[in-house]
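Each chain, letter by letter, is given below.
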Amino acid sequence: HANLAANLRQAGVWFNAGRSTSDPQRVLSVLPFFHVFSMTVQMNLSLYMGDELVLMQPAPKLDPAAVLKTMQDHQINIFAGVPD
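The rules behind these values
Residues numbered from 1 in each chain as written. Predicted model: local features only at pLDDT ≥ 70, side-chain atom pairs only at ≥ 80, totals over all residues. Heavy atoms only, no water. Helix = DSSP H or I, 4+ residues; strand = E, 2+ residues; numbered from the N terminus. Rg over C-alpha atoms; globule rule 2.2 N^0.38 Å. Buried < 20%, exposed > 50% of the residue type's maximum accessible area, 1.4 Å probe, protein only. Contact = heavy atoms within 4.5 Å. Areas by Shrake-Rupley, 256 points an atom, 1.4 Å probe, with all protein chains shown as cover. Lys, Arg positive; Asp, Glu negative; His and termini not counted. Charge placed at Lys NZ, Arg CZ, Asp CG, Glu CD.

Of regular secondary structure, the protein possesses three helices and three strands. What you see in the protein, going N to C, is helices and strands ordered as α-β-α-β-α-β. Radius of gyration (C-alpha) of the protein: 13 Å, near the 12 Å computed for a compact globule of 84 residues. The burial tally for the protein puts 31% of its 84 residues in the buried class. Within the protein, contacts between residues at least 6 apart in sequence are counted, and of these 71% link residues at least 24 apart. Accessible surface for the protein amounts to roughly 5800 Å². Of this, 61% is attributable to carbon and sulfur atoms. With 5 positive and 6 negative side-chain charges, the protein shows a separation of 4 Å between the mean positions of the two kinds.

The analysis is restricted to geometry; functional conclusions fall outside its scope.
Here it is in C-alpha coordinates:
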(Lines give C-alpha, C1' and ligand atoms only; values in the text may rest on other atoms or scores of the structure.)
Protein backbone atom coordinates (compact mmCIF):
# COMPACT_ATOMS: atom_id res chain seq x y z
CA HIS A 1 0.00 0.00 0.00
CA ALA A 2 2.77 2.46 0.86
CA ASN A 3 4.39 1.82 -2.52
CA LEU A 4 1.17 2.61 -4.42
CA ALA A 5 0.56 5.69 -2.27
CA ALA A 6 4.11 6.97 -2.91
CA ASN A 7 3.77 6.32 -6.65
CA LEU A 8 0.46 8.17 -6.66
CA ARG A 9 1.94 11.24 -4.96
CA GLN A 10 4.92 11.22 -7.34
CA ALA A 11 2.71 10.87 -10.41
CA GLY A 12 0.50 13.68 -9.11
CA VAL A 13 3.44 16.06 -8.96
CA TRP A 14 4.74 15.00 -12.37
CA PHE A 15 1.50 14.99 -14.38
CA ASN A 16 -0.31 17.80 -12.62
CA ALA A 17 2.52 20.29 -12.00
CA GLY A 18 1.19 21.13 -8.56
CA ARG A 19 -2.41 21.92 -9.58
CA SER A 20 -5.03 21.53 -6.91
CA THR A 21 -7.71 18.84 -6.87
CA SER A 22 -10.34 21.55 -7.46
CA ASP A 23 -9.24 21.87 -11.11
CA PRO A 24 -10.42 18.62 -12.76
CA GLN A 25 -8.92 17.47 -16.04
CA ARG A 26 -9.87 14.85 -18.64
CA VAL A 27 -7.52 11.88 -18.84
CA LEU A 28 -7.44 9.51 -21.83
CA SER A 29 -6.65 5.90 -20.99
CA VAL A 30 -5.66 3.46 -23.74
CA LEU A 31 -3.55 1.14 -21.59
CA PRO A 32 -4.98 -1.86 -19.68
CA PHE A 33 -5.41 -1.30 -15.93
CA PHE A 34 -3.77 -4.63 -15.04
CA HIS A 35 -0.43 -2.96 -15.82
CA VAL A 36 0.96 -1.06 -12.81
CA PHE A 37 1.77 2.10 -14.82
CA SER A 38 -1.77 2.35 -16.14
CA MET A 39 -3.33 1.48 -12.78
CA THR A 40 -1.27 4.10 -10.95
CA VAL A 41 -1.00 6.96 -13.45
CA GLN A 42 -4.33 6.70 -15.21
CA MET A 43 -6.85 5.01 -12.92
CA ASN A 44 -5.67 5.81 -9.38
CA LEU A 45 -4.37 9.31 -10.17
CA SER A 46 -7.64 10.22 -11.91
CA LEU A 47 -9.63 9.09 -8.89
CA TYR A 48 -7.28 10.87 -6.48
CA MET A 49 -7.42 14.17 -8.39
CA GLY A 50 -11.15 13.97 -9.18
CA ASP A 51 -10.48 13.88 -12.92
CA GLU A 52 -12.73 12.51 -15.65
CA LEU A 53 -11.32 9.29 -17.08
CA VAL A 54 -12.08 8.63 -20.76
CA LEU A 55 -11.52 4.97 -21.64
CA MET A 56 -10.58 3.54 -25.02
CA GLN A 57 -10.77 -0.19 -25.46
CA PRO A 58 -7.28 -1.62 -25.85
CA ALA A 59 -6.79 -3.10 -29.28
CA PRO A 60 -4.11 -5.44 -30.59
CA LYS A 61 -2.57 -2.45 -32.40
CA LEU A 62 -2.95 1.19 -31.36
CA ASP A 63 -4.83 3.30 -33.90
CA PRO A 64 -3.24 6.79 -33.70
CA ALA A 65 -6.04 8.37 -35.75
CA ALA A 66 -8.68 7.06 -33.35
CA VAL A 67 -6.66 8.27 -30.36
CA LEU A 68 -6.30 11.77 -31.83
CA LYS A 69 -10.01 11.91 -32.69
CA THR A 70 -10.93 10.88 -29.16
CA MET A 71 -8.55 13.50 -27.75
CA GLN A 72 -10.19 16.18 -29.86
CA ASP A 73 -13.79 15.02 -29.27
CA HIS A 74 -13.39 14.81 -25.49
CA GLN A 75 -10.98 17.75 -25.04
CA ILE A 76 -8.36 15.57 -23.33
CA ASN A 77 -5.87 17.39 -21.07
CA ILE A 78 -3.71 14.45 -19.95
CA PHE A 79 -2.53 11.46 -21.96
CA ALA A 80 0.00 9.02 -20.55
CA GLY A 81 1.25 6.55 -23.10
CA VAL A 82 4.18 4.27 -23.67
CA PRO A 83 6.35 3.91 -26.78
CA ASP A 84 5.30 1.28 -29.25
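That shown, we press on.
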